[in-house]
Amino acid sequence: MLLKRKEFLQIGSLATASFMVPKFLKAFEKGQLVPPGTKVLVVLQLSGGNDGLNTVIPVRNDLYYKARPKLGIDKTSALLLNDEVGIHPALSSFKDLYNNGSLGILNNVGYPNPDRSHFRSMDIWQSGSKSDEYVYTGWLGRYLDAQCSGCDKPTQALEIDDTLSLALKGEHAKGLAMKDPKRLYGTANEKFFKDVLADHRDQPGEQPVDYLYKTMSETISSADYIFKQSRLHPTDATYPNSGLAQSLKTIASLIFSDINTKVYYVSLGSFDTHVNQAAQQQRLFTEMNDAVGAFVKDLQNNNRFQDVLLMTFSEFGRRVAQNASGGTDHGTANNMFFVSAGLKQKGVLNEMPDLAQLNDGDLKHQVDFKQVYATVLNKWLATDDNKILGKQFDYLGFV
């Protein structure tokens, strides 16, 4: 049976999602479980280029206040980590994490010859490539490829969003993007799709149509499985009613279930603060602070904080000097947060940015972000980082 054009258009949305479903997702239905202690990575993307200097603040550096006479955060307002360093006043939960040894801060992270385009720099970060090469798979997508090549216990990645990021797209395997399991389940189980599948008969010479039916069938099956798993141990913790908090609540419920998922990906933004930065960053950091605080408390109460690593990144930082509009423009190097009870190194992990040695008004990177990826892949996810990144990078010591 051939699909009519109208029917093809009706299933477009589900079909798009189905192309994101890894073939190995069906293997989860065979009872492969995640025991307590299995490492989980949660990537929190700060989209838009977060201003790192007003995130991790050099409170005793006069050059910082000279470059930002109105935008600089005063030492009396910053949440002090030590005599030299404070963090944004909205990040009280991160201050608590610092105090109890569950926060690592890595400064001056970037890459050579940085690109100031949001799209291009994000592609570089998500693909794990150099600035002068174009790679169309993501670093976590290639992790999925590597893990599932001849593997009898495949792993999977989930992005809590409507669209799948490049980071989770491999050559052969891909993560699955969804807002929440119930919504995916509801869409996949609409009567129309069930009827279409029930009426399907294999037709010689109709491989594209057969492939569409196959991927749609796998998506429905996978949506059913994820939804049922998410209901096994739903968190009963109270989370704020924000987008990020509800996404982290979904992730927590999945972590507490028996689903075999090692990587979760979620985004917050936009941090593109050319104008009125103070108010925008305050609002976004308040959402991030409250959401992450609730997530960590939930993990602690369920004895999983030791196995979960939450990592933040942004595609670039901002210029050192404030602009005339109460904001900052696109810059280069930035900081990253690492949150876990399983950190081996904690606190401020390296030197603060050298504001006396700038590159045309921008910070100089000291740590290649691919070193972070190599460390996470090898030391946390226990996989071959060299194969995934295409080069051996020196490991860092935070995990």
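Draft legend 1. Seen up close, the environment of Met 178. Following the sequence through the fold, Met 178 ends up in strand E7 (residues 176–178). Residues Met 178 and Leu 164, spaced 14 residues apart in sequence, show a C-alpha to C-alpha distance of 8.4 Å.

Draft legend 2. Seen up close, the pattern of salt bridges. Scanning the model with the defined rule gives seven salt bridges in all. Measuring nitrogen to oxygen at the nearest pair gives 2.5 Å for the salt bridge that ties Asp 307 to Arg 304. Here Asp 362 ties to Arg 319 by a salt bridge, and the two come within 3.0 Å at their closest N and O atoms. Placement of the pair is Asp 362 in the loop between strand E11 (347–348) and strand E12 (367–368) and Arg 319 in the loop between strand E9 (308–313) and strand E10 (334–339), with a sequence separation of 43 residues. The exposure class of Arg 319 is partly exposed, given its relative accessible area of 27%.

Draft legend 3. A look at the packing of helix H10 (residues 243–256) against helix H11 (residues 277–301). One way to put it is that H10 packs onto H11 with a least axis distance of 8 Å and a crossing angle of 15°. Here H10 is positioned roughly parallel relative to H11, judged by the angle of their axes. Relative to H11, the crossing made by H10 is right-handed. Here Gly 243, Leu 244, Ala 245, Leu 248, Ile 251, Ala 252, Ile 255 and Phe 256 of H10 come into contact with H11, specifically with Glu 287, Met 288, Ala 291, Val 292, Phe 295, Asp 298 and Leu 299. Grouping the constituent residues of the contact of H10 with H11 by class yields twelve nonpolar, one polar and two charged.

Draft legend 4. Inspection of the nonpolar core at higher detail. Formed by 51 residues in total, the largest nonpolar core has its most connected members in Phe 94, Leu 248, Met 288 and Phe 295. Among the elements that take part in this core, H11 stands out by supplying nine residues, more than any other. Apart from the residues within four sequence positions on either side, Leu 248 is in contact with Val 42, Tyr 239, Val 266, Ala 291, Val 292 and Phe 295.

Draft legend 5. Quick peek at the packing of aromatic side chains. Scanning the model with the defined rule gives ten aromatic pairs in all. Seen in terms of ring centroids, Trp 125 and Phe 313 are 5.2 Å apart; in terms of plane orientation they differ by 15°. Their pairing is stacked. Pair noted here: Trp 125 is in helix H5 (residues 118–127) and Phe 313 is in strand E9, with a separation of 188 residues, a long-range link. Per residue, the accessibility class of Trp 125 equals that of Phe 313, and both read buried. Ring geometry for Phe 338 versus Phe 398: centroids 4.0 Å apart, planes at 20°, classification stacked. A residue pair is termed long-range when its members are at least 10 positions apart, and Phe 338 in strand E10 and Phe 398 in the segment after helix H13 (385–389) qualify at 60 residues. Here Arg 120 stacks its cationic end above the ring of Tyr 134, 3.9 Å away from the centre of that ring.

Calculation criteria
Residues numbered from 1 in each chain as written. Predicted model: local features only at pLDDT ≥ 70, side-chain atom pairs only at ≥ 80, totals over all residues. Heavy atoms only, no water. Helix = DSSP H or I, 4+ residues; strand = E, 2+ residues; numbered from the N terminus. Salt bridge = Lys/Arg side-chain N within 4 Å of Asp/Glu carboxyl O. Buried < 20%, exposed > 50% of the residue type's maximum accessible area, 1.4 Å probe, protein only. Axes fitted to C-alpha atoms, helices over the stretch in contact; angles between N-to-C directions. Parallel < 35°, antiparallel > 145°, perpendicular 65-115°, else oblique. Left-handed = near helix turned anticlockwise from the far one by under 90°. Contact = heavy atoms within 4.5 Å. Nonpolar A, V, L, I, M, F, W, Y, C, P; charged D, E, K, R; others polar. Core = buried A, V, L, I, M, F, W, Y, C linked by side-chain atoms within 4.5 Å. Phe/Tyr/Trp six-rings, centres within 6.5 Å; stacked < 30°, edge-to-face > 60°. Lys NZ or Arg CZ within 6 Å of the ring centre and 35° of its normal.

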